[in-house]
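Residues per chain are reported as follows:
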Amino acid sequence: MPRYQPADSLMSPRFTGVRTFARLPHLQTTAEVDLAVVGLPFDTGATFKVGARFGPEAVRSASHMVRNYNPELQVKPFDVLSCIDYGDAPVIPGYIHDSYAAITATLAPLAAAGIVTLGIGGDHSIALGELRALAAVHGPLALVQFDSHGDLWDAYYGDHKYTHGTPFRRALEEGLLQAERSVQLGMRGPLYGPEDLQMARDFGFTVLTTTELLAHSPAEIGALVRQRVGDANCFLSFDVDFFDPAFAPATGTPEVGGPTSFQGLSYLRACTGINWVGGDVVEVLPALDHSQITAHLAAQVGYEFLSLVALQHLAQSQSNSGSVNKP
Ligand code: MN
Ligand code: MN
């Protein structure tokens, strides 16, 4: 069995204990770890409502509902992967470059050890810090982005180039992404102009608006993503504003008319057969949440990612006659 597993909620109530993701042990080690959850509580890259600095705390608390068996993907992820909650990166509010340095320095030893990272935001600007750490080890990454926004804009308020609306533009410029292997799912809402969607396609991304996404079944989208990503090392970036605000009200830049939680989770679960090296779930603003609706959904997104990584480890260890593949 894996070295590190969650506390058993049949042995101790799930409302007990210090809040870590899925009741995992809080450890800062790279030994005998397959996946590490890392809080990235930076939110001063946001351009509208702020407060996602408390996202990791809220998602961890809601994640105590997670159980070991994923019936949709038919896997027990914690029987496959040794998982820990690594704690938070020491970000500095208001200082995005110092915070990027902190995020990258926190993730670098994990990536170097072949550990898959799951970041919990924070606003979406944090993705650039994650991608810097992961691409330094794994090379330029494919990106699967669930979001109602492309986050590929060049600059805000004149020439301010580092916000939660620009991380993937900067990542492209820094050579951290393979646009031709990348997919954006769920774009919608009023834009500054038609060029907002077109520029992503001009960069080489496959872009599906919410309308286009919902015209396809999860199986069709899974096939599209697999075909697109191929065998590239891949990063999942999941902005909770992908969902309709009725299902994820606690977020900073909500866009109405989006997928339900069931639809969104179904599309995510369809993304099997991908070589995930990292992922994140971002833009949860707990102060705006009601009954932990958004936090529970974000925790479930994290759990589905963990399950997808577990399935991939199982597939790799079968094709490598028993040894789990590490880069
Ligand atoms: Mn985003
Ligand atoms: Mn967004």
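Each remark here, short or long, concerns the structure printed above.
The rules behind these values
- Residue positions are given per chain, counting from 1 as you read along its sequence in written order.
- Here the convention is simple: chains get letters from A, ligands get numbers from 1, in the order in which they are written.
- This being a predicted model, a pLDDT of at least 70 is required before a residue's local features are given, and a value of 80 or more before pairs of side-chain atoms are given or counted; all residues contribute to the totals for chains, interfaces and linings.
- With hydrogens and water stripped out, all remaining heavy atoms of the structure feed into the side-chain values.
- Pairing between strands is defined by DSSP: at least two bridges between them are needed.
- Secondary structure elements follow DSSP: runs of H or I no shorter than four residues count as helices, runs of E no shorter than two count as strands, and numbering proceeds from the N terminus.
- For helices, the fitted line uses only the C-alpha atoms of the stretch in contact; every axis is such a line through C-alpha atoms, and the angle between N-to-C directions lies from 0 to 180 degrees.
- The contact rule is simple, with two residues in contact once any of their heavy atoms fall within 4.5 Å.
- Donor atoms are limited to N, O and S found within 2.8 Å of the metal ion, a distance that becomes 3.2 Å for Na, K and Ca. With water left out, some sites might look partial.
- Only protein chains enter the accessibility calculation, which uses a 1.4 Å probe. A residue is then buried if its area is under 20% of the maximum for its type, exposed if over 50%, and partly exposed in between.
- What counts as a salt bridge is simple: a side-chain nitrogen of Lys or Arg found within 4 Å of a carboxyl oxygen of Asp or Glu.
- Centres within 6.5 Å are what make two rings of Phe, Tyr or Trp a pair, Trp counting through its six-membered ring; a difference in plane orientation under 30 degrees is then read as stacked, over 60 as edge-to-face, and the rest as tilted.
- Put simply, a charge is over a ring when the Lys NZ or the Arg CZ is close to the ring centre, within 6 Å, and near the line of the ring normal, within 35 degrees.
- For this analysis, a nonpolar core means a set of buried residues of the types Ala, Val, Leu, Ile, Met, Phe, Trp, Tyr and Cys, connected via side-chain atoms within 4.5 Å.
- Seen with its strands pointing away from the viewer, a crossover is right-handed when the path leading from the first strand over the helix to the second is clockwise.

Colleague: Can you help me understand the sheet that holds strand 4 (residues 142–146) in this one?
Modeller: Within a sheet, neighbouring strands are paired by backbone hydrogen bonds and run either parallel or antiparallel to one another. Read across the sheet, 8 strands follow the order 2-1-3-8-7-4-5-6 without closing on themselves; strand pairing throughout is parallel. The sheet is open, and its two borders are formed by strand 2 (83–88) and strand 6 (206–209), each paired with just one other strand. On average, adjacent strands in this sheet sit at an angle of 15 degrees to one another, irrespective of strand direction. Relative to strand 3 (residues 116–121), strand 1 (residues 35–40) runs parallel, the two being bridged by 6 bridges. Across the sheet, the residue bridging to Val38 is Gly119, located in strand 3. Along the sheet, helix 10 (residues 293–319) makes contact with strand 1, strand 2, strand 3, strand 7 (233–239) and strand 8 (275–282), crossing strand 8 at roughly 175 degrees.

Colleague: Could you clarify how one ought to interpret the coordination of the manganese ion (ligand 2) in this entry?
Modeller: The textbook angles at a metal center are 109.5 degrees for a tetrahedron of four donors and 90 or 180 degrees for an octahedron of six. Ligation of the manganese ion (ligand 2) by protein atoms is provided by Asp147 (OD), His149 (ND1), Asp239 (OD), Asp241 (OD) and Asp241 (OD), these donors lying 2.1 to 2.4 Å from the ion. Of note, the manganese ion (ligand 2) draws all its donor residues from one chain, in the sequence arrangement D-x1-H-x89-D-x1-D. For the pair the manganese ion (ligand 2) and the manganese ion (ligand 1), the metal-to-metal distance amounts to 3.2 Å, and Asp147 bridges them. Highlighted residues: Asp147 in the loop between strand 4 and helix 5 (167–173) and Asp239 in strand 7, separated in sequence by 92 residues. The exposure class of Asp147 is buried, given its relative accessible area of 0%.

Colleague: Where do I start with the pattern of salt bridges in this structure?
Modeller: It is possible for side chains of opposite charge to pair when their charged atoms get near one another. Scanning the entire structure with this criterion turns up 12 salt bridges. When the shortest N-O distance is used, the salt bridge between Asp85 and Arg60 registers 2.7 Å. Separated by 25 residues along the polypeptide, Asp85 in strand 2 and Arg60 in helix 1 (residues 55–62) bring together distant segments of the chain. Residue Asp85 shares its accessibility class with Arg60, and that shared class is buried. Measuring nitrogen to oxygen at the nearest pair gives 2.8 Å for the salt bridge that ties Asp88 to Arg60. Taken together, the positions of Asp88 in strand 2 and Arg60 in helix 1 put the pair 28 residues apart, joining distant regions of the chain.

Colleague: Explain unusual backbone geometry to me, please; I cannot follow it from the model alone.
Modeller: The phi angle of most residues is negative, glycine excepted, and most peptide bonds adopt the trans form. Omega for the bond connecting Gly121 with Gly122 falls within 30 degrees of zero, at 15 degrees, which places this linkage in the cis form. Among the secondary structure elements, Gly122 is positioned in the loop between strand 3 and helix 4 (126–138). Phi at Glu32 takes a positive value of approximately 55 degrees, unusual for a residue other than glycine. Along the chain, the position of Glu32 falls in the segment before strand 1. We classify Glu32 as exposed; its relative accessible area is 54%. Backbone geometry places Asp151, a non-glycine residue, at a positive phi of 55 degrees. With respect to the secondary-structure elements, Asp151 resides in the loop between strand 4 and helix 5.

Colleague: Can you walk me through the packing of aromatic side chains in this structure?
Modeller: Centre distance and the angle of the planes are the two values used to describe a pair of aromatic rings. With the rule as written, the count across this model stands at 11 aromatic pairs. Taking the centre distance of 6.4 Å and the plane angle of 35 degrees together, the rings of Phe78 and Tyr303 count as tilted. With Phe78 in helix 2 (residues 77–80) and Tyr303 in helix 10, this residue pair connects regions lying 225 residues apart in the sequence. Feature note: the residues Phe146, Phe238, Phe242 and Phe243 constitute an aromatic cluster, connected by ring pairs. Taking the ring centre of Tyr100 as reference, the NZ or CZ of Arg132 above it sits at 5.1 Å. The aromatic ring of Tyr162 is capped on one face by Arg170, whose charged end is 5.9 Å from the ring centroid.

Colleague: Help me understand the nonpolar core in this model?
Modeller: Within soluble globular proteins, side chains that are nonpolar generally end up buried alongside one another. Grouped together as the largest cluster of nonpolar side chains are 54 residues, with contacts concentrated most on Phe21, Leu35, Phe146 and Trp276. For this core, the element with the most residues is helix 10, which contributes 11 residues. The residues touching Trp276, leaving out its near neighbours within four places in the chain, are Val116, Val144, Cys234, Phe235, Leu236, Cys271, Phe305, Leu308 and Val309. Judged by nonpolar contacts, the second largest core, of 43 residues, contains Ile84, Ile115, Leu131 and Ala171.

Colleague: How do you make sense of the environment of Pro2 when you look at a structure like this?
Modeller: On the secondary structure map, Pro2 appears in the segment before strand 1. Separated by 30 residues in the primary sequence, Pro2 and Glu32 place their C-alpha atoms 8.1 Å from one another. When residues no more than four places from it in sequence are discounted, the contact partners of Pro2 are Phe78, Asp79, Val80, Leu81 and Ser82.

Colleague: Honestly, the pairing of strand 7 in this entry has me stumped. Any pointers?
Modeller: Two faces belong to every sheet, and in a regular strand the side chains alternate between them. For strand 7, the buried fraction is high: 6 of the 7 residues fall into the buried class. Relative to strand 7, strand 4 runs parallel, the two sharing 5 bridges. The partner of Leu143 across the bridge, within strand 7, is Phe235. Note that strand 7 and strand 8 share 7 bridges and pair parallel. In the sheet register, Phe235 faces strand 8, and the bridge partner there is Gly278. Assessed by its sense of winding, the connection that carries the chain from strand 7 through helix 9 (residues 261–269) to strand 8 is right-handed.

Everything listed is a geometric property; what it means functionally is a separate question.
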